[in-house]
There are 2 protein chains.
Amino acid sequence: MAATIKDIAKQTGLGLATISSYLNGGNVREKNRVKIEAAIEELHFEVNEVARGLKTNKTKIIGIIIPELNNIFCAEIITEVEDLLRSHGYATMICDCRTDERREEEAVEFLLHRRVDGLIIMPSGRSGKYLEKFTKAGKPVVLIDRKLKDIDCDSVLVDNEGAAEDAVNRLLKAGHTRIGMIAGPKDIYTAQERYSGYCKALEQAGIRPDAKLAAWGNYTIEGGADAMKELVRENPDMTAVFVSNYEMTMGAIIQINELGIRIPEELSFIGFDNVEFAKASIPKLSIVTQPTKEIARNVSELMLGRLEEAEEAERKEYETVRLTTSFVEGRSVL
Amino acid sequence: MAATIKDIAKQTGLGLATISSYLNGGNVREKNRVKIEAAIEELHFEVNEVARGLKTNKTKIIGIIIPELNNIFCAEIITEVEDLLRSHGYATMICDCRTDERREEEAVEFLLHRRVDGLIIMPSGRSGKYLEKFTKAGKPVVLIDRKLKDIDCDSVLVDNEGAAEDAVNRLLKAGHTRIGMIAGPKDIYTAQERYSGYCKALEQAGIRPDAKLAAWGNYTIEGGADAMKELVRENPDMTAVFVSNYEMTMGAIIQINELGIRIPEELSFIGFDNVEFAKASIPKLSIVTQPTKEIARNVSELMLGRLEEAEEAERKEYETVRLTTSFVEGRSVL
């Protein structure tokens, strides 16, 4: 039979309130702390987090909703977030929603019933209406990578517009004027931002964006391959292309190989994310990279800060952290 | 104020036991079921899974311990498992242990305190001693991909030896005799099996395995690159290489590109896992692929079966499911 908090009380001669305070991280006198810890050791007392959760109304679980765990960008962030939260005693419940808004709404319900203390989400849609149940319950929500309408909360974003602008500027500087772009889904925030960075760079160079040169992929390998095929078919004069996420970069390269197009002699290429794939390609690809570790650190800090705050009933204004991308030079631009 | 089970009782005129039985999936009369569901609807009653967990002594949470969420093989399996379990009402708590045995032991403690109902683990080490706390508590453990000593439980494995044997046979058939292998860490079960398949194929062809032709990577991209460098330096007569996991395949290709070695003219190559990377390479790589979806389905079914069984107190013998790999033909073997 496992030792209970009552056994600790009996063993130490202290009141239940003192021991409960100790177990929940409250202040107890040094003398009592020593006694309690000795009793815990001796009686092999183990805290039942489930029972504790009911008493404190905190489960110390954070829900995480992501579009695809298979997506390297997601996986790199989530693995770091999980690690950071666990080191603070928080477990994570991850729900992979396959880029499906309906599934995301179901996951929100699922996590609400599990009484998670907070929610970290990389949303697929545009409206955050369905997250109100969380914020109304006073539970913090932190958005990763994408902003949403109809919801006030913290978010950690990447300067997508600036990243795309910088990539396209590099192609312009190399003398290209017919530059294609494989953009993401029109209704996703990051995709819009990257496309607008592409347009901005062109316009600043006095080039009017040509609709034919923009193909809309869906952030998947297949989508990238199809979009690449379309761009090549529609634009015999295209000399360079910017691909705006990791999966589509891989798909575009598969298609370029299929078509027998040589990089960079026949087509200059700038991809997005995943340093390892870019290094393993022939030639090495020039790519925009996102700071996944820094994103994870900021997300975790915002969440942990809010969880402490909730206890102190003093709410700070919502923050939007915006991080910058890097550029890794390969040999794919001529 | 949220509606409670008492409010449902009052509204329906039924006893608490009947309502509790309904909420926990037990049998109730059709007439009562209709009444209860109407009351739930009307009163906006929501089940608090945490409180329910305390009463039933079931949290409906499955712990998952994996070496690297960043690893595509892991991610593909886990995303499927999470999906299948959630569709049966189970949440998952994922702990990424960075291929560190000490961290795995900590994660086991962490998940025990969270009172998870079962554990799915892809272990890094050789001994399963630290998992006994689970099995002794009557909680099911399912191993993925690797077998462990000192623990009796279900496991889902891949025929690693057969997969390596088949790959090396293909190289032998193409006329190669000096065939290198980049093997995984010596203390990991799958790595041993793959190495033994390599040796078996050679021996059957009357070739004695040469220690110089085996380099031990550590299942990472860097490890694969270093091992490739070593193989090339030590074996000027090597004409083919078999690389035995996804990350090392990527690392080996990066190194081959660095060294300017042409595939397949100067070196025939068979890699492991990840169809997409193999397709995106020039030339397309021939690879062994593992059935991640099938692994996930088997793992989930074993776990769900055990969870039901635990309730019925009838334990079946432990199962070891062994799945076969596939081979995807590329243009990297000459």
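Scroll up for the structure.
Residues numbered from 1 in each chain as written. Chains lettered and ligands numbered in written order. Predicted model: local features only at pLDDT ≥ 70, side-chain atom pairs only at ≥ 80, totals over all residues. Heavy atoms only, no water.

A. Summary view of the pairing of strand S1 (residues 61-66) of chain A. Residues and elements named next belong to chain A. The buried count for S1 comes to 6 of 6 residues, which makes it a mostly enclosed element. Burial of S1 is two-sided: the residues Ile 61, Gly 63 and Ile 65 facing one way and the residues Ile 62, Ile 64 and Ile 66 facing the other way are all buried. With 6 bridges connecting them, S1 and strand S2 (residues 91-96) associate as parallel partners. Bridge pairing in S2 places Ile 64 opposite Ile 94. The parallel pair S1 and S2 is bridged by helix H5 (residues 72-86), and the resulting crossover is right-handed. (Buried < 20%, exposed > 50% of the residue type's maximum accessible area, 1.4 Å probe, protein only. Helix = DSSP H or I, 4+ residues; strand = E, 2+ residues; numbered from the N terminus. Pairing = 2+ DSSP bridges. Right-handed = clockwise from strand over helix to strand, strands pointing away.)

B. Region of interest: the relation of the copies chain B and chain A. Laying chain B over chain A is done by rotating through 180 degrees and shifting 0.0 Å along the axis; what remains is an RMSD of 0.1 Å. Within this description, the copies of the chain are treated as partners about a two-fold rotation axis. The position closest to the rotation axis in chain B is occupied by the C-alpha of Met 93 of chain B, lying 2.5 Å away. The share of interface residues of chain B whose copies in chain A are also at the interface is 100%, consistent with both copies meeting through the same surface. (Least-squares fit on C-alpha atoms with pLDDT ≥ 70 in both. Contact = heavy atoms within 4.5 Å.)

C. Summary view of the nonpolar core. Counting residues in hydrophobic clusters, the biggest one holds 98 residues, and the most contacted among them are Phe 242 of chain A together with Phe 242 of chain B. When residues no more than four places from it in sequence are discounted, the contact partners of Phe 242 of chain A are Ala 164, Ala 167, Val 168, Leu 171, Gly 180, Met 181, Ile 182, Ile 270, Gly 271, Phe 272 and Val 288 of chain A. With 54 residues, the next largest nonpolar core counts Ile 66 and Leu 323 of chain A together with Phe 73 and Ile 77 of chain B among its residues. (Core = buried A, V, L, I, M, F, W, Y, C linked by side-chain atoms within 4.5 Å.)

D. Layout of the side chain of Asn 298 of chain A. All names here are of chain A. Along the chain, Asn 298 turns up in helix H13 (residues 292-312). By relative accessible area, which is 13% here, Asn 298 ends up buried. In contact with Asn 298, not counting residues within four places along its chain, are Val 156, Val 321 and Leu 323.

E. Expanded view of the sheet that holds strand S10 (residues 286-289) of chain B. Residues and elements named next belong to chain B. What the 6 strands build is an open sheet, ordered S7-S6-S8-S9-S10-S12; its pairing is mixed. Sheet topology places strand S7 (214-216) and strand S12 (326-328) at the edges, where each strand pairs with a single neighbour. Each adjacent strand pair in this sheet contributes to an overall mean axis angle of 15 degrees, direction not counted. Note that strand S6 (residues 179-183) and S7 share 3 bridges and pair parallel. (Axes fitted to C-alpha atoms, helices over the stretch in contact; angles between N-to-C directions.)

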